[in-house]
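# Examination of the molecular architecture
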Amino acid sequence: DALRAAKVLADPAERRERVAAEVSRAAQSTGGVPRLADALRDEISNLIEWPSAIACAFEREFLAVPSEALITTMETNQKFVPVFDANGTLTEHFIGIANIDSKNPSEIRKGYERVIRPRFADAKFFFDEDLKTPLAAQQDALKSVTYQQQLGSVWDKCVRVAELARVIANRSNVDAALATRAASLCKCDLLTRMVGEFPELQGVMGRYYAAASGENAEVAQALDEFYRPRFAGDGIAQGKIAQVLAIAERLDTLAGIFAVGGKPSGSKDPFALRRAGLGLARTLIEGQFELDLEAALR
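Now for a quick tour of the structure. (Residues numbered from 1 in each chain as written. Predicted model: local features only at pLDDT ≥ 70, side-chain atom pairs only at ≥ 80, totals over all residues. Heavy atoms only, no water.)

### Describing the overall build of the chain
- Along the chain, the regular secondary structure elements total 13 helices and six strands.
- Judged by the C-alpha coordinates and their principal axes, the chain covers about 70 × 45 × 35 Å.
- Residues classed as buried in the chain amount to 46% of the 298 residues present.
- Taking all contacts inside the chain whose residues are at least 6 apart in sequence as the whole, residues at least 24 apart take part in 66%.
- When the accessible surface of the chain is summed, it comes to about 14,900 Å², and 51% of that surface belongs to carbon and sulfur atoms.
- Of the side-chain charges in the chain, 37 are positive and 41 negative, and the distance between the mean point of each set is 2 Å. (Helix = DSSP H or I, 4+ residues; strand = E, 2+ residues; numbered from the N terminus. Buried < 20%, exposed > 50% of the residue type's maximum accessible area, 1.4 Å probe, protein only. Contact = heavy atoms within 4.5 Å. Areas by Shrake-Rupley, 256 points an atom, 1.4 Å probe, with all protein chains shown as cover. Lys, Arg positive; Asp, Glu negative; His and termini not counted. Charge placed at Lys NZ, Arg CZ, Asp CG, Glu CD.)

What follows is the structure, encoded as structure tokens:
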């Protein structure tokens, strides 16, 4: 009771509930729907003692930037809650969670809006600059990026994956030309400014830049989807081109790393081979591919 009187909620469950209630309250003034992810809710509730939500906004011109970049900045970097409209489209509103019931919340609002503006400005600059160069133009530069010392550059990996994708596509009645094209572009976004700033957007930005470069829609979608499943419980890639690319990329990773002695130990798996194996198996099974796995690995 003494802590509560001093505006400190000692019970973590109570703080968590208050965070959700405060976000819901603040969102009413925006006319939108907040997206409070469980992980963000947990993090906020363990960072502050007395949650107090404040509705904020940024300039609408920033909405021209891919929403994934804006959401990543809000949630990961600033611990803000994005707000969407009824159609699920990101709006210019967001919600910050203060650690006090301020006598002058407008000043806290100004502070939140001030810290997010330069990050969004950077994202917009990176995106605009990246769009000036076709995605395929990044291919040559991949030759100077090492994938693994004994397995060569990232470009070498793309060449291997493209050949695997061609073979798998032909055996699966999938357009081999599109699968090969997707494989040749699948790592190009690694060299873009946006992915350099936001590594978690790898694949997502490949899709945006491929579409902007006039690539086939299935190819563009595959550049994002082939990373799936990205985490436990995530679905596999939906498009057939993406599924072929997902299989080819994981086959190359597994065969290559095992070949150079990179077998995972009980506690170490630096190349995420277990995850690659699970993703490969799920894509083959759920995608209903009739593929000789042993022959493909050989």
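That shown, we press on.
### Here we look at the nonpolar core
- With 71 residues, the main nonpolar core has Met74, Phe94, Met194, Val244, Leu245 and Ile247 as its most contacted residues.
- When residues of this core are assigned to their parent elements, the largest contribution, 10 residues, is made by helix α11 (residues 240–259). (Core = buried A, V, L, I, M, F, W, Y, C linked by side-chain atoms within 4.5 Å.)

### Notes on helix α9 (residues 204–212)
- Residues Val204, Met205, Gly206, Arg207, Tyr209 and Ala210 constitute the buried set of α9.
- Summarising the contacts, the buried residues of α9 are in contact with α4 (67–77), α5 (105–130), α8 (193–197) and α10 (217–225).
- With its phi angle positive at about 85°, Gly214 sits one or two positions after the end of α9.

### Notes on unusual backbone geometry
- Cis rather than trans, the peptide bond between Arg228 and Pro229 has omega equal to 0°.
- Inspection of the secondary structure puts Pro229 in the loop between α10 and α11.
- At Lys79, a residue that is not glycine, the phi angle is positive and equals roughly 60°.
- You can see Lys79 is positioned in the loop between α4 and β3 (81–84).
- A residue is classified by how much of its surface remains accessible, and Lys79, at 23% relative accessible area, is partly exposed.
- Not every positive phi belongs to a glycine, and Asn173 is a case in point at roughly 60°.
- Its place among the elements puts Asn173 in the loop between α6 (154–171) and α7 (176–185).
- Since its relative accessible area comes to 76%, Asn173 is described here as exposed.

### Description of the sheet that holds strand β4 (residues 90–98)
- Ordered by their spatial adjacency, four strands build an open sheet running β1-β3-β4-β2, and the pairing between neighbours is antiparallel. Taken across any chain shown, the strands that pair with only one partner, and hence form the sheet edges, are β1 (33–34) and β2 (52–57).
- Relative to β3, β1 is paired through two bridges, and the arrangement is antiparallel. Along β3, the bridge assignment pairs Pro34 with Val83.
- Contacts between helix α2 (residues 12–27) and the sheet are confined to β1, β2, β3 and β4, with β2 contributing the most and set at about 35° to the helix.
- Its contacts with the sheet put α5 on β2 and β4, and the angle it makes with β2 is roughly 55°. (Pairing = 2+ DSSP bridges. Axes fitted to C-alpha atoms, helices over the stretch in contact; angles between N-to-C directions.)

### Structural notes on the layout of surface pockets
- Approximately 550 Å³ is the volume attributed to the largest pocket.
- Lys187, Tyr227, Glu249, Thr253 and Arg275 are, among the 20 residues lining the largest pocket, the residues nearest its centre.
- Elements represented by at least two residues in the lining of the largest pocket include exactly β5 (146–148), α6, α11 and α12 (273–286).
- Sort the elements by how many residues they give to the lining of the largest pocket and α11 lands first, with three residues.
- Of the residues in the lining of the largest pocket, the class split is 11 nonpolar, three polar and six charged.
- Of the pockets and cavities examined, the second largest pocket occupies roughly 270 Å³. (1 Å grid on protein atoms, 1.4 Å probe; cavity = no way out; pocket = protein on both sides within 12 Å on 5 of 7 lines; lining within 4 Å. Points joined across faces, edges and corners; volume = space filled by probe spheres on them. Nonpolar A, V, L, I, M, F, W, Y, C, P; charged D, E, K, R; others polar.)

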